[in-house]
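The primary structure of each chain is shown beneath.
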Amino acid sequence: MEQIERVRESGGYLNRYTHESTSCHCTMTFSVYQPPQAEKEKVPAVYWLSGLTCTDDNFRTKAGAQRYAAELGLALVIPDTSPRGEQVPDAADRYDLGQGAGFYVNATQPPWSQHYHMYDYITRELPVLVEAELPLIPGLRSISGHSMGGHGALICALKNPGMYKSVSAFAPICNPVACGWGEGCFGAYLGADREQWQAWDATCLVAAGAEAVPLLIDQGSGDEFLAEQLHPQKLEVVCTRQNIPITLRMQQGYDHSYHFIATFIGEHLVWHAQALQAS
């Protein structure tokens, strides 16, 4: 774990690191915001998973989350969205497959299966690494994300009861087995058997009886991807049926961009801080 950048921000430090990943078999990059409280004591962490085409840089430069994290005493752990490097397979003519589009699954199909293990990276490798090396409270973590990263946050929480104290999402891909983005990536990464895809779909996981902490989802009504790709109402229906608390807030006129995220990220971090403090 090598620190490659250090920026003073909101009384704390925004640091960037690289390390050799045993899950993705390549050099991975991630950022961590350490609030001022981390200079004196260990702090809980909120993991942020970004969407298609993003790196760790999008959230840390566009969302304005660090000032809220400083006030609340939260660390922000911001991984990349996929493995990267010359040796890592890619689909250069597509933005929704390959590098920048790891979809937070463990790929089983060549040529993706050697490197595209983002689920293991997020839920197994990265927490062990950062909690051992940085002033974070082991096991006291929450998770959030946007779009593809919202999908990732949901499935990480649903597949690991108790691992996260809270989960939230902005415009998540809620039912990827039934949308173009999900079908394209799942078919490539997981193969043709659509039943296998359901293990990586939040709506399917809840319908099958997965446990979950309460869910907070913000969705812009003006999101250009809402009708064809995101399907939050499908998740709301199955959560209600399974008695899983879900708060789906339709935000009038907001789109899919970081302007939307920046507007409501403070409320999400307050929500996570309350769950973490209650633990």
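Criteria and cut-off values
Within any chain, residue numbers begin from 1 and follow the written order of that chain's sequence. Local features in this predicted model are restricted to residues whose pLDDT is 70 or higher, and side-chain atom pairs enter the listing and the counts only when it is 80 or higher, whereas totals over whole chains, interfaces and linings include all residues. Hydrogens are left out, water is left out, and the side-chain values use all remaining heavy atoms of the structure. Cysteine sulfur atoms are paired as a disulfide whenever they fall within 2.5 Å. Only DSSP runs of H or I with at least four residues qualify as helices, and only runs of E with at least two residues qualify as strands; both kinds are numbered from the N terminus onward. Remark: exposure states derive from per-residue accessible area (1.4 Å probe, protein chains only) relative to the maximum for the residue type, with buried under 20%, exposed over 50%, and partly exposed in between. Here, residues are in contact when the closest pair of their heavy atoms is within 4.5 Å. A pocket, in this scheme, is an open set of points on a 1 Å grid over the protein atoms alone with protein on both sides within 12 Å along at least 5 of 7 lines, while a cavity is a set where a 1.4 Å probe fits but cannot get out; residues line either one if an atom lies within 4 Å of a point. Grid points are joined across faces, edges and corners, and a volume is the space filled by probe spheres set on the points. Classification used: nonpolar for Ala, Val, Leu, Ile, Met, Phe, Trp, Tyr, Cys and Pro, charged for Asp, Glu, Lys and Arg, polar for all others including Gly. The directions considered for the arc run from the helix axis to the C-beta atoms.

## A look at the state of the cysteines
Then step 1. Counted according to the given criterion, the structure contains zero disulfides.
Then step 2. Not part of a disulfide, C179 finds its nearest cysteine sulfur in C185, a span of 9.2 Å.

## So, the environment of G145
Then step 1. Counting through the fold element by element, G145 comes out in strand β6 (residues 136–145).
Then step 2. Exposure remark for G145: the relative accessible area of 0% places this residue in the buried category.
Then step 3. Each C-alpha atom, one on G145 and one on P172, is 7.6 Å from the other, the two residues being 27 residues apart in sequence.
Then step 4. With residues near it in sequence (within four places) discarded, G145 still touches W48, L49, G150, A153, S168, A169 and F170.

## A short note on the layout of surface pockets
Then step 1. Size it by volume and the largest pocket reaches roughly 210 Å³.
Then step 2. Lining the largest pocket are 14 residues, with L52, T53, C54, H146 and H256 sitting closest to its centre.
Then step 3. Class assignment for the residues of the lining of the largest pocket results in six nonpolar, seven polar and one charged.

## A short note on helix α9 (residues 232–241)
What sets the pattern is the α-helix's 3.6 residues per turn: residues three or four places apart point alike.
Then step 1. Buried within α9 are the following residues: P232, L235, V238 and C239. For α9, the arc enclosing every buried residue in end-on projection is 130 degrees, short of the 170-degree limit, so these residues lie on one face. Of the exposed residues in α9, the ones pointing more than 90 degrees away from its buried face are T240 and R241.
Then step 2. The inward-facing, buried residues of α9 contact α4 (148–158), α7 (202–207), β8 (215–220), α8 (226–230) and β9 (246–251).
Then step 3. Positive phi appears at N243, one or two residues downstream of α9, with a value of about 60 degrees.

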